[in-house]
Amino acid sequence: QVQLVESGGGLVQAGGSLRLSCAASGRTFSTYDMGWFRQAPGKEREFVGGITISGRSTNIADSVKGRFTISRDNAQNTVYLQMNSLKPEDTAVYYCAAGSVAVRTWRYWGQGTQVTVSS
């Protein structure tokens, strides 16, 4: 069992930056790939990016590539989403998830954190 808690969301102006954190409980964090997703009002949930267990491989969605990066610290049971050059269209609730990047299966989800980008 893995419990995930996101933090770091908030209100930021366009062009600004935020770093989201996702803290995991349980000793099995380092056995899961981790992913970030987002869902804007009235839209379907969107994959933002994922990172493998070792942290050596990441996969970033084209919509945020070059602006967002993912990292993880297995010693701290935490995964991060660094968001730079934010745009109003990045406004959404951001979720982290634990599972498998390769088979796109996500077993555990956090409760989400709101990111709002003003123009």
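Refer to the structure printed above.
Residues numbered from 1 in each chain as written. Predicted model: local features only at pLDDT ≥ 70, side-chain atom pairs only at ≥ 80, totals over all residues. Heavy atoms only, no water.

Enquirer: Can you explain the packing of aromatic side chains? Please cite residues and give values.
Expert: Going through the model one piece at a time under the given rule, you end up with four aromatic pairs. Ring centres of Tyr32 and Tyr108 lie 5.7 Å apart, and the angle between their planes is 90°; this geometry places the pair in the edge-to-face category. Of this pair, Tyr32 sits in the loop between strand E3 (18-25) and strand E4 (33-39) while Tyr108 sits in strand E10 (residues 105-109), and the two are 76 residues apart along the sequence. We classify Tyr32 as buried; its relative accessible area is 14%. Through pairs of rings, three or more aromatic residues link up here, namely Phe37, Phe47, Trp106 and Trp109. For the cation-ring pair, Arg45 lies above Trp109, with the distance from its terminal atom to the ring centre recorded as 4.0 Å. Cation over ring: Arg72 sits above Phe29, and NZ or CZ is 4.6 Å from the ring centre. (Phe/Tyr/Trp six-rings, centres within 6.5 Å; stacked < 30°, edge-to-face > 60°. Helix = DSSP H or I, 4+ residues; strand = E, 2+ residues; numbered from the N terminus. Buried < 20%, exposed > 50% of the residue type's maximum accessible area, 1.4 Å probe, protein only. Lys NZ or Arg CZ within 6 Å of the ring centre and 35° of its normal.)

Enquirer: Lay out the pattern of salt bridges with the relevant residues and their values.
Expert: Applying the stated criterion across every chain, the model contains four salt bridges. Measuring nitrogen to oxygen at the nearest pair gives 2.8 Å for the salt bridge that ties Arg38 to Glu46. When its relative accessible area of 7% is taken as the criterion, Arg38 is described as buried. A relative accessible area of 28% places Glu46 in the partly exposed class. Three or more residues joined by partner-sharing salt bridges are found here, namely Arg38, Glu46, Arg67 and Asp90. (Salt bridge = Lys/Arg side-chain N within 4 Å of Asp/Glu carboxyl O.)

Enquirer: So what's going on with the pairing of strand E7 (residues 68-73)? Which residues, and what values?
Expert: Residues of E7 alternate between two faces, with Phe68, Ile70 and Arg72 buried on one and Thr69, Ser71 and Asp73 left unburied on the opposite face. In terms of strand pairing, E7 meets strand E8 (residues 78-83) through six bridges, oriented antiparallel. In the sheet register, Phe68 faces E8, and the bridge partner there is Met83. In this antiparallel pair of consecutive strands, E7 and E8, the connection spans four residues, and Asn77 shows a positive phi of 50°. (Pairing = 2+ DSSP bridges.)

Enquirer: So what's going on with the sheet that holds strand E1 (residues 3-7)? Residues and values would help.
Expert: Strand order across the open sheet formed by four strands is E1-E3-E8-E7, with antiparallel pairing between neighbours. Each of the sheet's edge strands pairs with one partner strand only, and the pair in question is E1 and E7. Direction aside, the axes of adjacent strands within the sheet are offset by 15° on average. Pairing geometry for E3 and E8, over six bridges, is antiparallel. Within the sheet, the bridge partner assigned to Cys22 lies in E8 and is Val79. (Axes fitted to C-alpha atoms, helices over the stretch in contact; angles between N-to-C directions.)

Enquirer: Before we move on, could you go through the side chain of Thr113 and cite the residues and values that matter?
Expert: Locating Thr113 in the fold gives a position in strand E11 (residues 113-118). In terms of polar contacts, Thr113 uses its side chain to reach the backbone amide nitrogen of Gly9, at 3.3 Å. Leave out the neighbours within four places in its chain, and Thr113 touches Glu6, Ser7, Gly8, Gly9, Leu20, Ala92, Val93 and Tyr94. (Polar contact = N/O pair within 3.5 Å; in protein donor to acceptor, adjacent residues only side chain to side chain. Contact = heavy atoms within 4.5 Å.)

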